[in-house]
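# Breakdown of the fold
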Amino acid sequence: MKKGHFKKLLSSIFAAALLVCVLLVPGFAKTDAEKELEAATAQVATLEQKVADCQAAFTEAQAQNRRGSYGFFQWAGSKSATEALDNAKYKNLIAYGTAGDATSLDNLNAALDLIDKVNEYRKADGLTELVVTDTMMAMAEADADAYYDLNTAPKQFTVNGNKIAENLGTFSNAARAADSWYAEKKVADEHPDYMSYSSENWSKVGHYFNLSQKKYTVTGAAVNTRLGNKFCQVYFSNANGEKTYTTKEYRERIAKYRVFYDDRKEDLQEAQAALQEARVRQATAQRIVDAEKQGAASTTTTQA
């Protein structure tokens, strides 16, 4: 036999022997159960990473949520709003996100009612409705919290060196706050000369003066409800380059933020449930593989 033909024969014999081993020798080829175990194990590893990622995202969302409006401003990327709170003169009086504090998400949302009511009065007077910025909302929150403890006007903020106007008061609800401030219009109509900062009687019409000024276009509002309702509304002539919102748009943003938090929680719960199912699959596959191995070992012993 020629040398080349002999090599081909040896190759054929080896291939046939390998095929016999794959088909007949126990443990040489992976069984369906072993393939299932391998797939289940890979799935568990993937889902363990997913749970870890979802847990990290939810933990971050929790931390933001606990800080109330501060977390909301962070989520929105409103650096000037968080800076207003960070740099407030009486920042030590802010209890971020706690029930009753002006920075709680519930009170952030509730404060918009005051703006709506004031805008009704402005509209009735032929004035444009005020729009909202995150920074003005943050300033109002810091002032409402300070007013709760100090019981006097905090006067913490300026914009580009200019003072912001501010109305404060304790009322049962937002509508009563706006009604009370607007009621000063009667005095202002009777004494037009009071409607000037230089007037010694300005304080008798001051609240109405602030809410009715044509030059004011942006606002923010807050309410501290720890003990009674301490309302604050701030006013300024321009948004200082910041994005503005109607109260409707602002409520939608708050709702979207709440959904963001809820989604992170749901993502984690869904990932944890999927991981649990995958581990059951893995354990089941492992038991089948172990049983097959035990059966193969018993067969080998009997044959011997």
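Everything below is about the structure shown above.
Along its length, the protein carries 11 helices and six strands. For the protein, the residues scored as buried account for 39% of the 304 residues in total. Nonlocal contacts in the protein, meaning residues at least 24 apart in sequence, comprise 71% of its contacts between residues at least 6 apart. Total accessible area on the protein stands at roughly 17000 Å², and carbon and sulfur atoms take up 53% of it.

Bringing the sheet that holds strand 1 (residues 131-132) into the picture now. Spatial ordering of the open sheet is given by 1-5-6-4, a layout of four strands whose pairing is mixed. The outermost strands of the open sheet, each flanked by one partner alone, are strand 1 and strand 4 (165-170). Where strand 5 (residues 218-224) and strand 6 (residues 230-236) come together, seven bridges link them in antiparallel fashion. Looking at the pairing, Gly-220 lines up with Val-234 of strand 6. Against the sheet, helix 6 (residues 112-124) touches strand 1, strand 5 and strand 6, its axis set at about 55 degrees to strand 6.

Where burial is concerned, most of strand 5 is hidden: seven out of the seven residues are buried. Pairing of strand 1 with strand 5 involves two bridges; the strand directions are parallel. Bridging from a neighbouring strand, Val-132 pairs with Thr-219 of strand 5. Turn length for the strand 5-strand 6 hairpin, with the two strands adjacent in sequence and antiparallel, is five residues, and the turn residue Gly-228 shows positive phi of about 80 degrees.

Turning our attention to the nonpolar core. Core analysis: the largest hydrophobic core is formed by 59 residues, its most contacted members being Phe-72, Phe-73, Leu-85, Leu-114, Met-137 and Tyr-250. With eight residues, the single largest contributor to this core is helix 7 (residues 134-150). Setting aside residues no more than four positions away along its own chain, Phe-72 makes contact with Leu-105, Leu-108, Asp-134, Tyr-250, Arg-253, Ile-254 and Tyr-257. Counting residues in hydrophobic clusters, the runner-up holds 11 residues, among them Val-51, Cys-54, Phe-58 and Ala-278.

We now examine the environment of Asp-149. Within the element layout of this structure, Asp-149 appears in helix 7. What makes Asp-149 partly exposed here is its relative accessible area of 42%. Once the C-alpha coordinates of Asp-149 and Tyr-90 are considered, the two residues, 59 residues apart in sequence, prove to be 9.8 Å apart.

On to the layout of surface pockets. The calculated volume of the largest pocket comes to roughly 590 Å³. Lining the largest pocket are 22 residues, and of these Lys-155, Ile-164, Ala-165, Glu-166 and Trp-202 sit closest to its centre. For the lining of the largest pocket, the elements supplying multiple residues, two or more each, are strand 4 and helix 10 (206-212). Class assignment for the residues of the lining of the largest pocket results in nine nonpolar, eight polar and five charged. Here the second largest pocket defines a volume of roughly 210 Å³. For the second largest pocket, the lining is made up of 17 residues, of which Thr-135, Met-139, Val-159, Asn-240 and Glu-242 are closest to its centre. Along the lines of polarity and charge, the residues of the lining of the second largest pocket split into seven nonpolar, eight polar and two charged.

Helix length check: helix 2 (residues 32-66), at 35 residues, gives a terminal C-alpha distance of 50 Å against a target of 51 Å (1.5 Å per residue), a fit within 8%. Three or more residues of helix 2 are buried, namely Ala-33, Leu-37, Ala-40, Val-44, Leu-47, Val-51, Cys-54, Phe-58, Ala-61 and Gln-64. Where helix 2 terminates, the next one or two residues include Gly-68, which has phi positive at roughly 65 degrees.

Along strand 4, five of the six residues are buried, which leaves the element largely enclosed by surrounding structure. With six bridges joining them, strand 4 and strand 6 adopt antiparallel strand pairing. Bridge assignment links Thr-170 to a residue of strand 6, and that residue is Lys-230.

With that settled, the discussion passes to helix 7. Over its 17 residues, helix 7 runs 24 Å from end to end, which matches the ideal 24 Å to within 8%, given 1.5 Å per residue. Counting buried positions along helix 7 yields 14 of 17 residues, so the element is predominantly enclosed. In the stretch just after helix 7, Asn-151 is the one whose phi turns positive, near 60 degrees.

This next bit is on the environment of Lys-248. Note that Lys-248 resides in helix 11 (residues 247-303). By relative accessible area, Lys-248 is classed as exposed at 56%. The spacing of Lys-248 and Leu-112 is 136 residues in sequence and 8.8 Å in space, taken between C-alpha atoms.

Rules behind the numbers
- Residues numbered from 1 in each chain as written.
- Predicted model: local features only at pLDDT ≥ 70, side-chain atom pairs only at ≥ 80, totals over all residues.
- Heavy atoms only, no water.
- Helix = DSSP H or I, 4+ residues; strand = E, 2+ residues; numbered from the N terminus.
- Buried < 20%, exposed > 50% of the residue type's maximum accessible area, 1.4 Å probe, protein only.
- Contact = heavy atoms within 4.5 Å.
- Areas by Shrake-Rupley, 256 points an atom, 1.4 Å probe, with all protein chains shown as cover.
- Pairing = 2+ DSSP bridges.
- Axes fitted to C-alpha atoms, helices over the stretch in contact; angles between N-to-C directions.
- Core = buried A, V, L, I, M, F, W, Y, C linked by side-chain atoms within 4.5 Å.
- 1 Å grid on protein atoms, 1.4 Å probe; cavity = no way out; pocket = protein on both sides within 12 Å on 5 of 7 lines; lining within 4 Å.
- Points joined across faces, edges and corners; volume = space filled by probe spheres on them.
- Nonpolar A, V, L, I, M, F, W, Y, C, P; charged D, E, K, R; others polar.
- Expected span 1.5 Å × (residues − 1).

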